[in-house]
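Residue-level structure breakdown
One-letter residues, chain by chain:
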Amino acid sequence: MSVLLEFSMFPTSDNCRDGSSVSKQVAKIVDAIDKSGVAYQLTPMGTVVETKTMREALDIIELAYEQVSDCDRVYSSLKFDIRKNTKNRLTSKIKSIETQLKREVQK
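Notes on the structure in this doc start here. This one's a predicted model, so the numbers in the text were calculated from it and none came from an experiment. (Residues numbered from 1 in each chain as written. Predicted model: local features only at pLDDT ≥ 70, side-chain atom pairs only at ≥ 80, totals over all residues. Heavy atoms only, no water.)

What follows deals with the pattern of salt bridges. Applying the stated criterion to the full structure yields five salt bridges. Note that Glu6 is salt-bridged to Lys79, the shortest N-O span being 3.0 Å. In this pair, Glu6 is assigned in strand S1 (residues 2-11) and Lys79 in strand S4 (residues 74-83), connecting sequence segments 73 residues apart. A salt bridge links Asp31 to Lys35; the nearest nitrogen and oxygen atoms lie 3.1 Å apart. (Salt bridge = Lys/Arg side-chain N within 4 Å of Asp/Glu carboxyl O. Helix = DSSP H or I, 4+ residues; strand = E, 2+ residues; numbered from the N terminus.)

Pasting the structure below:
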């Protein structure tokens, strides 16, 4: 099974922001995901992770929240794509589109 989880998480409270910037807090989340060993891709608007189970995906959300749990308020948005009998969809979904286009897409 492949669970793709696209999410964004960032503080909205003043105690964890540097003006309008949240990159310091987001960097903590990305560092924790990177150290977890889970396959992921960082995008300008969020992060996509791929896990083998829903539980692992939810554990990543909990891990991410732990990085900003000292903030008074945290916003998060999550999307899941769950598919049985497959894996490596972080790359295979992009390769499928490139096959249809007959060229690589911009990375």
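Its location among the elements puts Thr91 in helix H3 (residues 89-101). Under the relative-accessibility criterion, Thr91 is labelled partly exposed at 43%. The spatial distance from the C-alpha of Thr91 to the C-alpha of Gln41 is 9.7 Å, given a sequence separation of 50 residues. At a separation of 3.3 Å, a polar atom in the side chain of Thr91 contacts the main-chain carbonyl oxygen of Asn88. (Buried < 20%, exposed > 50% of the residue type's maximum accessible area, 1.4 Å probe, protein only. Polar contact = N/O pair within 3.5 Å; in protein donor to acceptor, adjacent residues only side chain to side chain.)

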